[in-house]
Structure formats: C-alpha cells, structure tokens
Amino acid sequence: MGANKTEEQVHGEVSEYYGHTLSSNRDLKSCACSCAPPAVHRPILAKIHDEILSKFYGCGNPIPELIEGQTVLDLGCGTGRDAYICSSLVGQNGRVIGIDMTPEQLAVASRHIDHQTQQFGFTRPNIEFHKGHIENLKQLDDGASIPDNSVDIVISNCVINLCPDKSAVFKEIHRVLRDGGEFYFSDVISDRRIPDDLRANKELWGECLSGALYLHDCRRMLEDARLPEFRVVSIKRLQFQSAEVFRLLGPIKFFSVTMRCFKLPGMEDQCEDYGQLATYKGTIPGFPAGFPFDQTHEFPKDRPCLVCGNTASILTQSRFAPHFVVTPRGPHEGVLPVCGMPVDEMARGGCCGGGCCGGHGHEQQEEEEHQQGGCCGGQG
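The following refers to the structure shown. (Residues numbered from 1 in each chain as written. Predicted model: local features only at pLDDT ≥ 70, side-chain atom pairs only at ≥ 80, totals over all residues. Heavy atoms only, no water.)

With that settled, the discussion passes to the overall build of the protein chain. Helix and strand counts for the protein chain come out as 14 helices and 14 strands. In the protein chain, which comprises 380 residues, the share counted as buried stands at 56%. Contacts spanning at least 24 positions in sequence make up 79% of the contacts within the protein chain whose residues lie at least 6 apart. A total of about 15600 Å² of accessible surface is found on the protein chain, and carbon and sulfur atoms cover 50% of it. (Helix = DSSP H or I, 4+ residues; strand = E, 2+ residues; numbered from the N terminus. Buried < 20%, exposed > 50% of the residue type's maximum accessible area, 1.4 Å probe, protein only. Contact = heavy atoms within 4.5 Å. Areas by Shrake-Rupley, 256 points an atom, 1.4 Å probe, with all protein chains shown as cover.)

What follows is the structure in structure tokens.
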C-alpha cells in the first residue's frame, strides 16, 4: 500500500489520476503505462473506436492464445481496449467481463458496446462492464458478483501495481478461476522493494511505478494465493525520458513483464522430473511450426521435449490439452535441470531454447535488456 495511506485513499488517488488528471495516453509522464500492440492484433484494433484506444493505458499485451469460446475476466479494464480485443477473439459464444473502479473510464468502455458488437459482426453483445474494486470481486459496486470457479482466463494490464492490497487481488483471481484456468497478465515489476517515500508519491503511483511489485514478492504472493510457478512470457526494461522521474527513481530498475500461471492441483515449487515427454501437434492457430509457450519453452512441431511435472500438468489439464501429446508420469527422478528441450537436441548435447520454469533465470535477460537500451529509449 502507498506509505501511510488507507486503501480508500489509494483507490481515490488512482481514480482521480485516470479519471481527471489524464485526458489521454499522450499525457503520461513515463512509458510504464504505454505499449505498442503486437501485429497480430492490429486488424482487430482497426475496428475499435478511437476513444477507447486514446484513453487506454497498459504496459503490455496480455492476450493469450486459444481463447475462442472462453469466459475472460479483465481486471482494471479501463476503457476496454484489451476487453474488446478479447471480445473479438472469444467470438459470439464466448464472454468477456470487464471490471474497473474509475467511472470515467467505464463510461467510455460501456458506451461503445453496441458499436463494437456491430464492428465484430455479432448479433448480440458478448461483453459487459462493471464498477468495483478488483480486491473484492464478490461484492462489486454495482451489485454484480463474480462467482467461484466461473472464469476460464483472467487478464490484467498494468493494474495490479496500482492496487493497495495486491495479495487480495491474487487470492480473488484464484477463487474465480476454474481448475485449469489461466491468469495471464502484464505489469510493472521492480528489481527491489520500493522505498516508502516513493510509495507515498501519488504521481509516481499513478504512473505505475511506485506501486510496482518486487519480482520475488510477486512470486511469494502468487504462491500464497495458490498460483505457484509463474512463467515469464516477455520482459523489457523500462527507461524514462523525464529527468525528474529518472532522478527520483535512482538506481531502481523497472521492467514491463508479461507472465502466465495456472490454477491446477498438485503444482510444485520446483521443476521436478517424472520422465515425461511433450510433443506439440502444430495445431494452435498461427503456430504451425512451433509454439512459444514462454521465454524458456518453445515446442517445435512433432519433436518430443522433456518436460517437468508442472509443465506436463499444464499441457494436459488446461485448454492446451488437445494440442499436445504428453507421456504418463513415471517415478520421480529429482529436479529437471532443463525443461522443454527437444530430446534429439539433448542427444547431441545442444540447447534449443529449453530452460527452467517458474520465472527463474530471468536476471540474465534483465541484463541483456539493459545492455540493449530497454524498450522505451531515453536515459539509462
């Protein structure tokens, strides 16, 4: 929570910042809350109203694969850019629910429902928006409630850093997800805990910086919420054009990180080896030759890869199951040093993009991003 501030004060300051202080994403003072969309979503974005796009804030692109027909919950949806992308992708038989606490943002999202329904060629809306705090999805401000085990996928884009009680958010996500469901989110992560004087700075909090989670505190909170072993999908170092912001933040490094984790029974805190192999069928749309599941797992088509028990569970007990063949679990053989490596590469002693799970080993990429100048240019 912001230093010496109540949850109500933090919520009020964030709502004021995004409802009144900022009139569009051009008013941002840092690049933490802005990110260019991937090429794959640009045809959908071309159908989304300009007002939705100009007033939307986010640090990543947390839209996962294979969401057709799914129920998607967007936490801190703002004006609804990501929610509407999901609306297009889930199709007429899917459902998208957006939650936000800022009336001005929700007003933009809600007034374009009919327009976007027509743009996507649907006969009825598949999307709805509700006002409330994402720390308590059972009691939203407008009387709505998200039931237990009712959602297939939860997404969030640069919002959890703005929440005063992040642990409560993660626990609510676990509650509403169905077994096999996924939490796929982008947020600002720091390389150390933020000092109290910065946490009290409401402008830096509003810019998604002083409320950023230290990576390992994020991991601990997810584990406590029974969402262990997150996977890093992408990570980019943030740089800042503003000399004042750069001065205030000092040596703290900030990263825009996209992560994924699953609600599954029996997930372990290490990459344990049960002698299992996973073979990708090449059937996920847009990925005929191979599927990049996360930074350290890229599954080539028709090539068996040695996987840990957690990866095997994800690939057999989630929406990814039809696209993989996974061998049964055998006797435990200890920690698996490299998960996701094709067996034929192992036989040759090579390394083909395999790696450990659970977000470990990200520090090397952090340094690589630093050497490359980060994602936004500016001062380093």
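Turning next to the environment of Thr 296. Here Thr 296 lies in the loop between strand E10 (290-294) and strand E11 (297-300). Here the alpha-carbon distance between Thr 296 and Met 341, two residues 45 residues apart in the chain, equals 9.0 Å. Reaching out from Thr 296, the side chain makes a polar contact with the side chain of His 297 at a distance of 3.0 Å. (Polar contact = N/O pair within 3.5 Å; in protein donor to acceptor, adjacent residues only side chain to side chain.)

The subject of this paragraph is the layout of surface pockets. The space that makes up the largest pocket amounts to roughly 550 Å³. Lining the largest pocket are 19 residues, with His 41, Ile 63, Pro 64, Glu 65 and Phe 287 positioned closest to its centre. (1 Å grid on protein atoms, 1.4 Å probe; cavity = no way out; pocket = protein on both sides within 12 Å on 5 of 7 lines; lining within 4 Å. Points joined across faces, edges and corners; volume = space filled by probe spheres on them.)

Turning our eyes to something else, we now look at the side chain of Glu 172. Along the polypeptide, Glu 172 turns up in helix H7 (residues 166-176). The class of Glu 172 is buried, set by a relative accessible area of 11%. Not counting residues within four places of it along the chain, the set of residues in contact with Glu 172 comprises Ile 134, Glu 135, Asn 136, Leu 137 and Lys 138.

Once that is clear, we can look at the nonpolar core. Residues Leu 73 and Phe 183 are the most contacted members of the largest nonpolar core, which totals 35 residues. Sorting the residues of this core by element identifies strand E1 (71-75), strand E2 (95-100), strand E4 (151-157), H7, strand E5 (177-190), helix H10 (215-224), strand E7 (231-237) and strand E8 (254-262) as the ones contributing at least two each. The residues contacting Phe 183, other than those within four sequence positions of it, are Val 154, Ser 156, Ile 160, Phe 170, Ile 173, Leu 177, Leu 222, Leu 227, Met 259, Arg 260 and Cys 261. (Core = buried A, V, L, I, M, F, W, Y, C linked by side-chain atoms within 4.5 Å.)

Bringing the packing of aromatic side chains into the picture now. Counted according to the given criterion, the structure contains 15 aromatic pairs. A centroid spacing of 5.3 Å and a plane angle of 40° characterise the contact between Tyr 280 and Phe 324, whose relative ring orientation is tilted. You can see Tyr 280 sitting in strand E9 (residues 276-280) and its partner Phe 324 sitting in strand E13 (residues 324-326), a full 44 residues away along the chain. Residue classification places Phe 324 among the buried positions, given a relative accessible area of 5%. Taken together, the ring pairs connect Phe 262, Tyr 280, Phe 287, Phe 291, Phe 293, Phe 299, Phe 320 and Phe 324 into an aromatic cluster. Lying over the aromatic face of Phe 293, Arg 260 brings its terminal NZ or CZ to 4.5 Å of the ring centre. When the ring centre of Tyr 274 is taken as origin, the NZ or CZ atom of Arg 329, which lies over that ring, is 3.9 Å away. (Phe/Tyr/Trp six-rings, centres within 6.5 Å; stacked < 30°, edge-to-face > 60°. Lys NZ or Arg CZ within 6 Å of the ring centre and 35° of its normal.)

Scanning all chains against the criterion turns up 19 salt bridges. One salt bridge in this structure joins Arg 260 and Glu 65, with 2.9 Å as the shortest N-O distance. Of this pair, Arg 260 sits in strand E8 while Glu 65 sits in the loop between helix H3 (50-54) and E1, and the two are 195 residues apart along the sequence. In this pair, the class of Arg 260 matches that of Glu 65, namely buried. Between Lys 171 and Asp 224 there is a salt bridge, with the nearest N and O atoms lying 3.4 Å from each other. (Salt bridge = Lys/Arg side-chain N within 4 Å of Asp/Glu carboxyl O.)

Attention now goes to the side chain of Glu 65. What makes Glu 65 buried here is its relative accessible area of 14%. The residues contacting Glu 65, other than those within four sequence positions of it, are Arg 260, Phe 287, Phe 291, Arg 319 and Phe 320.

What follows concerns H10. When we look at burial in H10, the residues that qualify are Leu 215, Asp 217, Cys 218 and Leu 222. Looking down the long axis of H10, one finds its buried residues gathered within 160° of arc, a one-sided arrangement. The first or second residue beyond H10 is Arg 226, which carries a positive phi of 65°. (Arc of directions from axis to C-beta.)

This brings us to the packing of H7 against H10. At a minimum axis separation of 9 Å, H7 and H10 run at an interaxial angle of 40°. The orientation of H7 with respect to H10, classified from their angle, is oblique. Note on packing geometry: the crossing formed by H7 with H10 is right-handed. Seen from H7, the contacting residues are Lys 166, Ser 167, Phe 170 and Lys 171; seen from H10, they are Cys 218, Met 221, Leu 222 and Asp 224. (Axes fitted to C-alpha atoms, helices over the stretch in contact; angles between N-to-C directions. Parallel < 35°, antiparallel > 145°, perpendicular 65-115°, else oblique. Left-handed = near helix turned anticlockwise from the far one by under 90°.)

Glancing now at the pairing of E1. Among the five residues that make up E1, five are buried, leaving the element largely enclosed by the rest of the structure. Along E1, one buried face is formed by Thr 71, Leu 73 and Leu 75 and the opposite face, lined by Val 72 and Asp 74, is buried too. Across five bridges, E1 lies against E2 in parallel orientation. Bridge pairing in E2 places Leu 73 opposite Ile 97. (Pairing = 2+ DSSP bridges.)

This part covers unusual backbone geometry. A positive phi angle is found at Leu 66, which is not glycine, with a value near 60°. Its location among the elements puts Leu 66 in the loop between H3 and E1. Non-glycine residue Asp 302 carries a positive phi angle of around 60°. With respect to the helices, strands and loops of the structure, Asp 302 is situated in the loop between E11 and strand E12 (305-307). Of the residues examined, Asp 302 reaches a relative accessible area of 52% and is grouped as exposed.

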